[in-house]
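# Architecture and fold: a report
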Amino acid sequence: FSVVPVTVSDYERRARRCLPRFLYDYAAGGANNEETLSANCADFSKIRLRQRVMYDVSRGSTDTTLLGQPASMPLALAPVGMAGMYARRGEVQAAKASETVGIPFTGSTMGVCSINEINAATNTAAWFQLYMLRDRDFVQEMLQNAWDSGTRTLIFTVDLAVPGLRLRDFRNGMIGGGWMGKASQMLQLATSPGWAYDVGIRGKPHFLGNLSGKVKDAKDLNSYKSFVESQFDPSVTWEDIRWLRDQWKGQLLIKGVLEADDARAARDCGAEGVVVSNHGGRQLDAVASSISKLPAVVDAVGSETEVFIDGGIRSGLDVVRAVALGARGVLMGRPWIYALAVNGEAGVRNLLEIFQREIAIALALTGVNSVQELNRELIDSE
Ligand code: HOC
């Protein structure tokens, strides 16, 4: 008896069943006690929309633009490290689904598939996400490479000065001192050719595609761990973001601000937009949910700066809630990983169709025809 997935939680349940524990946990988990992870979702559920009736909603459309680029809804796929572990050439499959549905896909620095591979497989160039690395020449190289492959939107992550304490990964032996025993064997199996999560391409396996110039022959999770330890730069300040702004001719989104002051600083460095984010509850636990911080950031940066949000988006209703509170769009992360794990490209496409249907219905039942009409008056604050 098999039930067609119709919600994110349907996909999550199935993903939990079909994935090795360490992989499910890597995606699903957060930092420390996972309080922020829970708050991200719980705070969305507390936001009530207004039910408004007797408006002509026969011309409903979910279309919008994100950083000037047409999109079929105010949603983009968030960057997720190692997404290609969840299905063969996973990032490519998800990028193809995004293209079919008409929304942006974001390739992660830590992706299995490089931005080149993703852009070569689609007609719409993906967005690219980058961290500041100690080796600035390599940062420049990656920027140039992304630009040459067609990417014009860079998401720069600023909330990872040091990795948060993802305790599930420690328990599973994925991060930290323990690379021994059963967990380590499982990781080797998972990353070796022939396994369902085979990451090889045309006989030339590379586990971290974007890093092939830096991490020679990366082939397992040890490469991931060593790269993070040796290259993530905790000394980064806004000065480095100004440097980055000079290096990148395309659109720049700064991801990982929660406070109004930080959002203003990002804008003042010349970013076209910011992403209100606590890294999906994977960094500083006990920090406030993204959605609770959104209104203050929107008010702080003004209308010229596009504000995005991630963390806790589990339905089209959450997208509508965020846009009504002033977001230009949302970045959705874990749900697409679950859908990818369950059914590859078709799963991600189906998930996006679910989101689009939910948004369309929510627009109509709040009495508007478009996402542009959403505003704070549609939030029931009583
Ligand atoms: C300990 C892992 O953004 C994530 C990614 C990659 C972070 C690298 C540090 O897993 O949240």
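Residues numbered from 1 in each chain as written. Predicted model: local features only at pLDDT ≥ 70, side-chain atom pairs only at ≥ 80, totals over all residues. Heavy atoms only, no water.

### Quick notes on the site of the ligand
Definition in use: Nearness here has a simple test: a residue counts as near a molecule or strand if at least one of its heavy atoms is within 4 Å of that partner. In protein, a polar contact means a hydrogen-donor-capable atom and an acceptor-capable atom, both N or O and within 3.5 Å, with residues adjacent in sequence counting only if both atoms are side-chain atoms; elsewhere, any N or O pair within 3.5 Å suffices. Using the Shrake-Rupley algorithm and a 1.4 Å probe, accessible areas are obtained, with residue cover drawn only from the displayed protein chains. Lining residues are those with an atom within 4 Å of a point, where the points come from a 1 Å grid over the protein atoms alone and group into cavities, where a 1.4 Å probe fits but cannot get out, or pockets, open sets with protein on both sides within 12 Å along at least five of seven lines. Being in a pocket or cavity means that more than half of the molecule's atoms lie within 2 Å of its grid points. Any residue outside Ala, Val, Leu, Ile, Met, Phe, Trp, Tyr, Cys, Pro, Asp, Glu, Lys and Arg is labelled polar, Gly included; the first ten of those are nonpolar and the last four are charged.
Neighbouring the ligand are 9 residues; Tyr26, Tyr131, Arg166, His279 and Arg282 lie closest to it. For the ligand, an oxygen atom lies 2.5 Å from a polar atom in the side chain of Tyr131. Arg282 places a side-chain nitrogen or oxygen 2.9 Å from an oxygen atom of the ligand. Coverage of the ligand by the protein chains reaches 93% of its 330 Å² of free accessible surface. Taken atom by atom, the bulk of the ligand overlaps the largest pocket. Each residue belonging to the shell around the ligand can be placed in one class, and the counts come to 6 nonpolar, 1 polar and 2 charged.

### Regarding the confidence of the model for the protein chain
Cut-off, in case you're wondering: A score between 0 and 100, pLDDT records how confident the predictor is in each residue. The contact criterion used throughout is that any non-hydrogen atoms of two residues lie within 4.5 Å.
For the protein chain, the mean per-residue pLDDT works out to 90, and 89% of the residues sit at or above 70. pLDDT under 50 marks residues 177-182. Its contacts with residues more than four places away, or in other chains, come to 8 contacts. Taken as a whole, residues 192-204 scores under 50 in pLDDT and shows 24 contacts with residues more than four places along the chain or in a different chain.

### Considerations on helix H12 (residues 290-301)
The test is simple: Strands are runs of DSSP state E lasting at least two residues, helices are runs of H or I lasting at least four, and both sets are numbered from the N terminus onward. Helix span, as expected, comes to 1.5 Å for every residue beyond the first.
The end-to-end C-alpha distance of H12 is 16 Å, a good match for the 16 Å that 12 residues give at a rise of 1.5 Å each. For H12, the elements touching its buried residues are helix H3 (35-46), helix H11 (260-268), strand S9 (273-276), strand S10 (306-310) and helix H13 (316-324). Gly302 sits one or two positions beyond H12 and adopts a positive phi of about 80°.

### Comments concerning the pattern of salt bridges
Cut-off, in case you're wondering: Take a side-chain nitrogen of Lys or Arg and a carboxyl oxygen of Asp or Glu: if they are within 4 Å of each other, that pair is a salt bridge. Burial classes follow relative accessibility: with a 1.4 Å probe on protein chains only, a residue under 20% of its type's maximum area counts as buried, one over 50% as exposed, and anything between as partly exposed.
In this structure the tally under the stated criterion is 20 salt bridges. The partner of Arg168 in a salt bridge is Asp25, and the shortest N-O contact between them spans 3.0 Å. On the criterion of sequence distance, the pair formed by Arg168 in helix H7 (residues 167-171) and Asp25 in helix H2 (residues 21-28) is long-range, its members being 143 residues apart. In this structure Arg168 comes out as partly exposed when scored by relative accessible area, which is 23%. Taking the relative accessible area as the measure of exposure, Asp25 reaches 4% and is therefore buried. Residues Asp43 and Lys46 are paired through a salt bridge, measuring 2.9 Å at the closest nitrogen-oxygen approach. Residue Asp43 and its partner Lys46 are both found in helix H3; the two are separated by 3 residues, about one turn of the helix. Residue Asp43 is classed as buried on the basis of its relative accessible area, which comes to 17%. Its relative accessible area of 61% is what places Lys46 among the exposed residues.

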